[in-house]
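The residues making up each chain are set out below.
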Amino acid sequence: MASSSDGSVSVHISVGEAEGDVPVRVSLELVSELLMDSPSSPTSSGYARERGSSSATTEIEQEITRIEIDDTAHSTSDSHRPSKRHLDEDDASISWRKRKKHFFILSHSGKPIYSRYGDEHKLAGFSATLQAIVSFVENGGDSVKLVRAGKHQVVFLVKGPIYLVCISCTEEPYDSLRGQLELIYGQMLVMLTKSINRCFEKNPKFDMIPLLGGTEVVFSSLIHSFSWNPATFLHAYTCLPLAYATRQAAGAILQDVADSGVLFATLMCRHKVISLVGAQKTSLHPDDMLLLANFVTSSESFRTSESFSPVCLPSYNPSAFLYAYIHYFDADTYLILLTTSSDSFYHLKDCRIRIEMVLLKSNVLSEVQRSLLDGGMHVEDLPLIPLSGPSHLGQHRLRSDSPERFEEPNSEIGGPAGLWHFIYRSMYLDQYVSSEFPSSMNTPQQQKRLYRAYQKLFVSMHDKVIGPCKTQFRRDENCVLLCWVTQDFELYAAFDPLADKAVAIKTCNRVCQWVKDVENEIFLLGAIPFSW
């Protein structure tokens, strides 16, 4: 990045589908200052057809019923808390400029809509600068994707009249940051639908902030999940570990409800699925599940009373609302029933009563609480499986190409062979299981660092230019990472930085066998694969 006498700054901008970066000179005084000062380190359109119809849509102000969310009273049972928004900051604040990761939503006229940090109204000038960058490139017949300036990346996502921007010096890959912007946009659609575009068609200077007032905690919670929830980059969901019979009991009553006119019925515990049932020929996309669960768990009002709220599922139909009946059975477990009918509240209430009776009679709710106390899979419990014995994985066996003299050392950190953590994703089910962190990795900083390492590994494994890859082994001063991708599953494992490669490979084979042996307890089997 270089400055000139006319106040402009030279940066590298990736535009369109070009493989390389194209140097472009633009006026970016505020962006330049930010980068240089930062440290290096219920009425709805209805569903007339299967996926809905917005043909009867009226003004967006009339069709959206905003859910009031108490930001100050926000609480969550999860250990992860959304970041504070620091409303006293603006683009002139040194503390604001030193933030490592900013997210912005603005309109094509430059009006601010949302900022992760600071007061949107005080950031009007900065938003106008971001809008000018997009317009500058568009006037040249192209679209802006990425601006690189030193250790900073400025990632742009243009969705019609809505612009989303991330400014980051966290060294996360471009694909990861763009995926996070896609999820933020999807979260906005959950509350407003894509019909918001019509307001901008009528008035380019339309102010969206009043429509989103009070929902800042929803965006903050989602952004915070980028640092701890693998679902945000795996595009898969995870289940609460339960005995097969317990999950079947929950699924049976949900299926009865789905047969009575409910489009989707899902029983959740925090961000994990207990059971999920869809009406015939319908399926719920993992990203929609993530956004819907975040919307529900971020709202204190949903916890205190049964609710009936219009919601949009972006992957299902981004232009129309469904209606969600939401009820918490306890502090962690809640039910979501989705329907296409706006007058189904009492029917869904009756369905909930039937479901609750079965859940109590079959002890499902008590088993859920027991599972929460026990936690998930612990690497310390990895069974000693003889690799020469029979395997359910068939041909899937990662070769170590090592002599038999290697022995598994006993590690004081994590599990066998220095195994710290793993994530296993079933390709067919679009579900994943993630082990619990060992006691040696109990700080948020350690866990965040590992998740970001997983993100980089995931992007590199699925790189369309050099990949896709089947295996990767990486070693640095922090840890050893091993990734293995087959047609049936993906495995991401982290080891002690001194772990032996051959032994780590053997350990990964054991992890895959372990997951296969307990799949009835950790996966929702029989789920329909997603093809969106």
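Since we're looking at a predicted model, the values are computed, not measured.

Parameters and conventions
- Residues numbered from 1 in each chain as written.
- Predicted model: local features only at pLDDT ≥ 70, side-chain atom pairs only at ≥ 80, totals over all residues.
- Heavy atoms only, no water.
- Phe/Tyr/Trp six-rings, centres within 6.5 Å; stacked < 30°, edge-to-face > 60°.
- Buried < 20%, exposed > 50% of the residue type's maximum accessible area, 1.4 Å probe, protein only.
- Lys NZ or Arg CZ within 6 Å of the ring centre and 35° of its normal.
- Pairing = 2+ DSSP bridges.
- Helix = DSSP H or I, 4+ residues; strand = E, 2+ residues; numbered from the N terminus.
- Axes fitted to C-alpha atoms, helices over the stretch in contact; angles between N-to-C directions.
- Contact = heavy atoms within 4.5 Å.
- Core = buried A, V, L, I, M, F, W, Y, C linked by side-chain atoms within 4.5 Å.
- pLDDT = per-residue confidence, 0-100.

**So, the packing of aromatic side chains**
Scanning all chains against the criterion turns up 22 aromatic pairs. Judged by centre distance (5.0 Å) and plane angle (85 degrees), the rings of W484 and F489 are edge-to-face. Since its relative accessible area comes to 5%, W484 is described here as buried. According to the relative accessible area criterion, F489 is buried, its value standing at 1%. Sitting over the face of the ring of Y117, R99 holds its NZ or CZ atom 4.8 Å from the ring centroid. Residue placement shows K501 over the ring face of F473; its charged tip is 5.4 Å from the ring centre.

**A word on the sheet that holds strand β12 (residues 322–328)**
If you walk across this open sheet you meet the five strands as β10-β9-β13-β12-β11, and the pairing is antiparallel. Lying at the two open borders of the sheet, with one neighbouring strand each, are β10 (272–278) and β11 (307–311). Along the sheet, successive strands turn relative to each other by an average axial angle of 20 degrees, direction set aside. Two elements, strand β9 (residues 264–269) and β10, share six bridges in a ladder whose sense is antiparallel. Within the sheet, the bridge partner assigned to M268 lies in β10 and is V273. Lying on the sheet, helix α13 (residues 345–361) is in contact with β9, β11, β12 and β13 (333–339); it crosses β13 at an angle near 140 degrees. Helix α14 (residues 364–374) rests against β9, β10 and β13 of the sheet, and its axis sits at about 120 degrees to β13.

**Notes on the nonpolar core**
Within the largest apolar cluster, 84 residues are counted, with the highest numbers of intra-cluster contacts made by I162, I184, M188, M208 and Y454. With eleven residues, helix α5 (residues 174–192) is the single largest residue contributor to this core. Those residues in contact with Y454, other than ones at most four positions away along the chain, are F233, H421, F422, I423, L481, Y492, A493 and A494.

**Quick look at the confidence of the model for the chain**
A residue-level look at the chain finds 77% of positions with pLDDT of 70 or above and a mean pLDDT of 81. Across residues 34–81 the pLDDT falls below 50, and counting only partners more than four positions away or on other chains, this stretch makes 121 contacts in the model. Per-residue pLDDT stays below 50 along residues 387–394; that stretch engages in 14 contacts with residues further than four places along the chain or on separate chains.

**So, the pairing of strand β14 (residues 419–426)**
A large share of β14 lies buried, amounting to eight of its eight residues. As paired elements, β14 and strand β18 (residues 489–495) share seven bridges and run antiparallel to each other. Among the inter-strand pairings, H421 is bridged to a residue of β18, identified as A494. Connecting the antiparallel pair β14 and strand β15 (residues 431–434) is a turn made up of four residues, with D430 showing a positive phi of about 55 degrees.

**Looking at helix α8 (residues 216–225)**
For α8, the buried fraction is high: eight of the ten residues fall into the buried class. Those residues of α8 that fall on the buried side of the exposure criterion are V217, V218, F219, S220, S221, L222, I223 and S225.

**A closer look at the environment of W514**
Here W514 lies in helix α16 (residues 501–517). Note on W514: relative accessible area 12%, which makes it buried. In the structure, W514 is positioned 133 residues away from D381 in sequence and 9.9 Å away in space, judged by C-alpha atoms.

**Some words on the pairing of strand β7 (residues 152–159)**
β7 sits mainly inside the fold: six of its eight residues count as buried. With four bridges joining them, strand β6 (residues 144–149) and β7 adopt antiparallel strand pairing. Looking across to β7, one finds that L146 is bridged to V155. The antiparallel pairing of β6 with β7 creates a hairpin that spans two residues between the two strands, and G150 there sits at a positive phi of about 65 degrees. In terms of strand pairing, β7 meets strand β8 (residues 162–168) through seven bridges, oriented antiparallel. When the sheet's bridge partners are listed, L157 is paired in β8 with L164. Linkage of β7 to β8, two consecutive antiparallel strands, is achieved through a turn of two residues, within which G160 is found at a positive phi near 65 degrees.

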